[in-house]
Each structure stands twice: as C-alpha cells, then as structure tokens.
Amino acid sequence: MLESIFGEDVMKKFKTERRTDMLEFQRDFEVKKRQVRDKVGQSSRPVTISIPAYLSECVREMKGWSLQTAISNSEFADKIKVRPGNKFAIARELMETLFAKPKEQILQHIKDVLNNQKSEDKITAILMVGGFSTSDIIVDAVKEAFPDIRVVVPPDPGLAVVKGAVLYGHAPLTITSRVCKYTYGVASYGDFKEGIHPTEKRIETEEEVLCTDIFSKFIEAGQSIEVNKSIHQTYDVTKPHSPMALTIFATREKNPVFTTDEQCVRLGSITIKPPKEGWKKGAKIKVSMKFGGTEFEVHAADESKPDEIYTTQFDFLH
C-alpha cells in the first residue's frame, strides 16, 4: 500500500538508509494492526499511524510532493487523511482489507492440516499463539471457519511461544511427539518390473534383475512420531565384495517412488565396509532411524555383527 502511494523507489531508499526508523515504523504498525476490530459492534474511528519524518523528506526530495499530494495522487485518496504531525488516519475498512490475504492463507493452512489428519488422532481444539493471535479479526475468522472445533487463545499469546521455548529448554521431555515435516527414507533396490519401472534404472546381478534408486520409506510427512522411537528396515547386500552405501533422502511427498524424483533431497550417507572375506551369501544390513528431540539418528549394522554400528545424525526440523 505504501509503495503504491509513495513509489517503490522512495520506500527502497527509506528502508535502505534509515533501517532504525523503518523498524520503529513497523513496530508502530504492528501495535495498531492488533488493535483493529471488525466493524460489527465496534467504533468506526480511523486508525492513526505516524509517518517517519525521513520518509516524508524522501517523498518531497524524490517526487516533489507533500504527504497530502502523495495521498491525493493515489487510489486511497478517499480512505486516508493526513493529520498534523506527519500522521495518516486510515479508514477502518481499508485497514481490514490488509488482513484479507494473510487471513485467507492461515485458514487454508488449517484446512490442509485438518484434511490430512488421521481418524484416530482427530483434532478437537485449535490453540492460537503468536502476536497475530491478539487480532480479533484473525481469531473471529478462525472461529467462524471452524465452528465445530474449540478455539483457545491464551492470555499473552505472543509470549506463549517464548515461554514454551524456555520450558522446552529446561525440560525437553515435555514434547512427547512431533509431526514430521518431511518423508524420510533411503535409496534401495527392488525387483525390476517390466513396463512399470524405467529401463534406465534396470541393473542385472548374477542372480536377479533389479531396479535401482527406489525410495524405501521409513516415515512420511504429516505422521506423528514419538520422541526416541526407532523405526527399522532390513536390506539385502547386492554386491558380495563391495562396501554397502546407505544414502538417506528427504522429500515433502508422502509416497515418493524414486530417490531421483524432483523433490527428493539427499541428506547424507553411511558406508558399511564388508568383512575381509566379503559378505556372506544372504547377508543383510539392518537400518534404524531413531527420532528424538530436534534431531534424528541413522544406525546401520551387518546383522551378523550387530555390535559394529555405523551412525550419522541429521536435524529433524530442517
């Protein structure tokens, strides 16, 4: 809105040269944003916001305009009035339109979460925290969109996040489970299926025809995982005298087919050395992913030598 009134070049100069003033301006707007109420049953008085003196100077220097002229030349001439002391009196209905896009995105995100929930873990309440949860417009929109779900807004919702972080720092076990942001798995081999698997992924061994780069899933995005829970998979050794390379991948897709799919990201790998005499026939590698706290560990070992464990660690949140 400010760029359309003053111009992108003016706002860029102001933000670049007066970062402190810009921060104070944003803080002032943040306070006023939380005080905006819906029209029904509320005052129709405009919202007053102070315009930094340097921003007014930039407008005069770069455009040759006063604040009043800038407003008169804009599409908001009938919605914003200039008050003494470099202040804008913004019509309440115009302030409410600024909430439209974030409100729409918040509601859509909640709908996505509710649509992806499992029947046995049905959500019965929404806890609203963070500074924006002090806004009646946002709270009322959530309550109206989800009338069958209890909406809870604690006192000082902006501080709730900070208090939760401090509590977690002192007592990590207060978080008993997390919802996975990504699907995690490893690259593996499987039986090659003619007409289904692409020919470039076909490889032949002495005993069988295999498909490479198959995404072997351990846990999928959106799944709740208990802290310190381990998930195990077992894989056959395909090359008798070669090291077993275990490559770990992550993706936002719930059911990826191949680790070469566009959204798959390689996180790292573990290489397990074969015995001096080579792998025994039918040798298997046991792989475990242990999820705990904000990181997860990957352990791999030859089933015939369970004490020789290879380990690596990844950030569970990112």
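The following paragraphs examine the structure supplied in this document. (Residues numbered from 1 in each chain as written. Predicted model: local features only at pLDDT ≥ 70, side-chain atom pairs only at ≥ 80, totals over all residues. Heavy atoms only, no water.)

**Brief notes about unusual backbone geometry**
Formally: Starting at the N terminus, helices and strands are each numbered in turn, a helix being any DSSP run of H or I of at least four residues and a strand any DSSP run of E of at least two.
One non-glycine residue with positive phi stands out, namely Asn-86, at about 55°. Within the element layout of this structure, Asn-86 appears in the loop between β2 (80–83) and β3 (87–90). With a phi close to 50°, Asp-156 is a non-glycine residue in the positive phi region. Checked against the element boundaries, Asp-156 lands in the loop between β5 (150–152) and α9 (157–170).

**Description of the nonpolar core**
Applicable threshold: Residues belong to a common nonpolar core when they are buried Ala, Val, Leu, Ile, Met, Phe, Trp, Tyr or Cys residues joined through side-chain atoms within 4.5 Å. The buried label applies to any residue whose accessible area, calculated with a 1.4 Å probe on protein chains only, is under 20% of its type's maximum; exposed applies above 50%, and partly exposed to all values in between. In this analysis, two residues are considered to be in contact whenever any of their non-hydrogen atoms come within 4.5 Å of each other.
Ranked by internal contacts, the top residues of the largest apolar core, which has 39 residues, are Phe-6, Phe-25, Leu-55, Ile-80, Phe-88, Val-142 and Phe-146. Looking at this core element by element, the count peaks at 5 residues for helix α8 (residues 136–145). Not counting chain neighbours up to four residues away, the residues in contact with Phe-25 comprise Leu-2, Phe-14, Ile-49, Ser-50, Ile-51, Pro-52 and Leu-55. Listed in part, the 26 residues of the second largest apolar core include Cys-180, Ile-225, Ile-285 and Phe-296.

**A closer look at helix α3 (residues 19–35)**
We apply this condition: The span expected for a helix works out to 1.5 Å for each residue beyond the first. Think of the arc as the fan of directions from the helix axis to the C-beta atoms.
Between its first and last C-alpha, α3 extends 25 Å over 17 residues, near the 24 Å set by a 1.5 Å rise per residue. Within α3, the full set of buried residues consists of Met-22, Phe-25 and Lys-33. Within α3, the buried residues cover an arc of 75° as seen down the axis, which keeps them to one side. The secondary structure elements touched by the buried residues of α3 are α1 (2–6), α2 (8–17), β1 (47–50) and α4 (53–63).

**What to know about the side chain of Ser-288**
Tracing the chain through its elements places Ser-288 in strand β14 (residues 284–292). Setting aside chain neighbours within four positions, we find Ser-288 in contact with Ile-231, His-232, Glu-297, Val-298 and His-299.

**Quick look at the packing of helix α7 (residues 100–115) against α8**
Two packed helices can be described by the angle between their axes and the distance between those axes. As a reminder, the rule being used: Angles run from 0 to 180 degrees between N-to-C directions of axes, and those axes are lines fitted to C-alpha atoms, restricted for helices to the stretch in contact. Note on terminology: angles under 35 degrees are roughly parallel, angles over 145 are roughly antiparallel, angles of 65 to 115 are roughly perpendicular, and the others are oblique. In this scheme the handedness of a crossing depends on how the near helix is turned from the far one: anticlockwise by less than a right angle means left-handed, clockwise means right-handed.
Close contact between α7 and α8 brings their axes to 10 Å; oriented N to C, the two are set at 40°. Comparing their axes, α8 and α7 come out oblique. Relative to α8, the crossing made by α7 is right-handed. Packed against α7, whose contacting residues are Lys-103, Ile-106, Leu-107 and Ile-110, the element α8 presents Ile-137, Ile-138, Ala-141, Val-142 and Ala-145 at the interface.

**Looking at the pairing of strand β12 (residues 244–251)**
The line we're drawing: For two strands to count as paired, DSSP must find a minimum of two bridges between them.
The element β12 is largely enclosed, with a buried count of 7 among its 8 residues. Where strand β7 (residues 183–191) lies against β12, 4 bridges are found, and the strand directions are antiparallel. Directly across from Thr-183, in β12, lies its bridge partner Thr-251.

**A few points about the sheet that holds β12**
Taken together, 5 strands build an open sheet; the order of strands is β8-β9-β7-β12-β13 and the sheet is antiparallel. The two strands at the open ends of the sheet, each matched to only one other strand, are β8 (202–204) and β13 (265–272). Each strand of the sheet is rotated relative to its neighbour by a mean of 40°, with strand direction disregarded.

**Some remarks on α2**
Where α2 is concerned, the buried positions are Val-10, Met-11, Lys-13 and Phe-14. Down the axis of α2, the sector holding all buried residues measures 160°, keeping them to one side. The exposed residues of α2 that point more than 90 degrees off its buried face are Glu-8 and Lys-12.

**Topic: the packing of aromatic side chains**
Two aromatic rings are characterised by how far apart their centres lie and by the angle between their planes. Where we set the bar: Here is the rule: rings of Phe, Tyr and Trp (six-membered ring for Trp) pair when centre to centre is within 6.5 Å. Planes less than 30 degrees apart are stacked, more than 60 are edge-to-face, and the remainder are tilted. Ring-over charges, as used throughout, are those where CZ of Arg or NZ of Lys falls within 6 Å of the ring centre and within 35 degrees of the ring normal.
One pass over the full model with this rule turns up 3 aromatic pairs. Ring centres of Tyr-182 and Tyr-184 lie 6.4 Å apart, and the angle between their planes is 70°; this geometry places the pair in the edge-to-face category. The residues Tyr-182 and Tyr-184 share a single accessibility class, namely buried. When the ring centre of Tyr-54 is taken as origin, the NZ or CZ atom of Arg-18, which lies over that ring, is 4.0 Å away. Here the guanidinium or amino end of Lys-33 rests over the ring plane of Phe-132, the centre of that ring lying 4.4 Å away.

**Observations concerning the environment of Leu-167**
Within the element layout of this structure, Leu-167 appears in helix α9. Overall, the relative accessible area of 47% leaves Leu-167 in the partly exposed class. Taking the C-alpha atoms as reference points, Leu-167 and Lys-193, 26 residues apart in sequence, are found 52 Å from one another.

**Remarks on the pattern of salt bridges**
To be explicit about the condition: By definition, a salt bridge exists where a carboxyl oxygen of Asp or Glu is found within 4 Å of a side-chain nitrogen of Lys or Arg.
Applying the stated criterion across every chain, the model contains 13 salt bridges. The residue Asp-21 makes a salt bridge to Arg-18 at a minimum N-O spacing of 3.3 Å. Since its relative accessible area comes to 27%, Asp-21 is described here as partly exposed. Here Glu-30 ties to Arg-34 by a salt bridge, and the two come within 3.1 Å at their closest N and O atoms. With Glu-30 and Arg-34 both in helix α3 and 4 residues apart, this pair spans about one turn of that helix. Taken together, the shared-partner salt bridges in this structure form one network comprising Glu-30, Lys-33 and Arg-34.

Keep in mind that these numbers describe shape and distance, not what the molecule does.
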